[in-house]
Amino acid sequence: MTAFFANRRGQSEAEPPESTTLLPAKQPVGFDTVFGSNSQAEGKFTSSGNVRMDGKFTGTLEIAGNILVGESADIHADINARNISIAGMVRGNVAGSKVQLLRTGRIWGDISAASLTTEEGAFIDGRISMAGHAANRLTAEDNAAEEESAADELAKSVDFEILPMDEVIVETDKASMQQGLDDAGAVDSVKMDKSGDKHRS
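Small disclaimer: the values here were computed from a predicted structure and weren't measured. (Residues numbered from 1 in each chain as written. Predicted model: local features only at pLDDT ≥ 70, side-chain atom pairs only at ≥ 80, totals over all residues. Heavy atoms only, no water.)

A. Seen up close, the packing of aromatic side chains. All told, the structure shown has three aromatic pairs when counted by the stated rule. Judged by centre distance (5.4 Å) and plane angle (50 degrees), the ring pair of Trp-108 and Phe-123 falls under tilted. Of the two residues, Trp-108 is situated in strand 10 (residues 106-108) and Phe-123 in strand 12 (residues 123-125); the sequence distance between them amounts to 15 residues. On the basis of relative accessibility, which here comes to 26%, the residue Trp-108 falls in the partly exposed class. Overall, Phe-123 belongs to the partly exposed group, its relative accessible area being 33%. The structure contains a cluster of three or more aromatic residues connected by ring pairs, namely Phe-35, Phe-45 and Phe-57. (Phe/Tyr/Trp six-rings, centres within 6.5 Å; stacked < 30°, edge-to-face > 60°. Helix = DSSP H or I, 4+ residues; strand = E, 2+ residues; numbered from the N terminus. Buried < 20%, exposed > 50% of the residue type's maximum accessible area, 1.4 Å probe, protein only.)

Shown next as structure tokens:
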């Protein structure tokens with residue numbers, strides 16, 4: 001019996017341990033880049049992750065992820081990002097899928113978004129266009145239909161005939177000739193004989 005258990009113990013020690021599968025590390029929730037309130041920079045800033053801006057920045061922001069402009073931020077830049085939340089000051093155009101303007105947010109520039117939310121107290125000085133919104137697509141189709149209808153009405157109201165070029169020239173010549181004849185009738189005609197002397201008829 002002792003040998004049996006000893007043998008099993010030896011086998012279990014010799015067997016490799018069960019393989020454990022490693023789970024991939026989760027992406028950290030939050031911001032990949034934080035631009036602190038004491039930071040100041042200018043130029044073109046690009047990021048494929050989420051960004052929080054709390055400092056002063058001048059230039060262009062191209063963010064593939066989301067961006068939060070904090071209350072202490074002073075941004076003089078155009079912002080292009082997936083989702084944009086603004087709690088600070090932005091002087092520049094903003095374009096994203098969703099734009100959120102918080103109560104402390106201030107923006108001087110145009111906003112282009114499929115979805116826009118604003119809290120009471122927020123400030124916007126600029127144009128707002130709902131890019132990609134279903135209503136915007138309907139408006140564009142309606143405008144195209146109205147332009148086509150107006151063009152049809154204009155074509156119906158104008159009555160003209162396109163003549164071949166030789167007929168146009170002939171008509172022009174006839175008109176010129178008629179005008180010349182009318183002018184000649186108003187003035188006494190003058191004839192010249194072979195000697196070059198003028199004789200009034």
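B. Representation of the environment of Asp-74 in the model. Looking at where Asp-74 falls in the secondary structure, it is placed in strand 6 (residues 74-80). Assessed through its relative accessible area of 17%, Asp-74 is described here as buried. Taking the C-alpha atoms as reference points, Asp-74 and Arg-106, separated by 32 residues in sequence, lie 9.7 Å from one another. Those residues in contact with Asp-74 that sit more than four places away from it in its chain are Gly-55, Lys-56, Phe-57 and Met-89. A distance of 3.1 Å separates polar atoms of two side chains, one belonging to Asp-74 and the other to His-76. (Contact = heavy atoms within 4.5 Å. Polar contact = N/O pair within 3.5 Å; in protein donor to acceptor, adjacent residues only side chain to side chain.)

C. Expanded view of the pattern of salt bridges. The final tally for this structure, using the stated rule, is two salt bridges. Residue Asp-110 is joined to Arg-127 by a salt bridge in which the shortest nitrogen-to-oxygen separation is 3.3 Å. In this pair, Asp-110 is assigned in the loop between strand 10 and strand 11 (111-118) and Arg-127 in the loop between strand 12 and strand 13 (128-129), connecting sequence segments 17 residues apart. The exposure class assigned to Asp-110 is partly exposed, which follows from its relative accessible area of 25%. Accessibility expressed as a relative area gives 64% for Arg-127, which makes it exposed. (Salt bridge = Lys/Arg side-chain N within 4 Å of Asp/Glu carboxyl O.)

D. Molecular detail of the pairing of strand 5 (residues 66-69). Bridge analysis of strand 3 (residues 51-53) against strand 5 gives three bridges, and the strand direction is parallel. Looking across to strand 5, one finds that Arg-52 is bridged to Leu-68. Judged from the four bridges that link them, strand 5 and strand 7 (residues 83-86) form a sheet pairing that is parallel. Directly across from Ile-67, in strand 7, lies its bridge partner Ile-84. (Pairing = 2+ DSSP bridges.)

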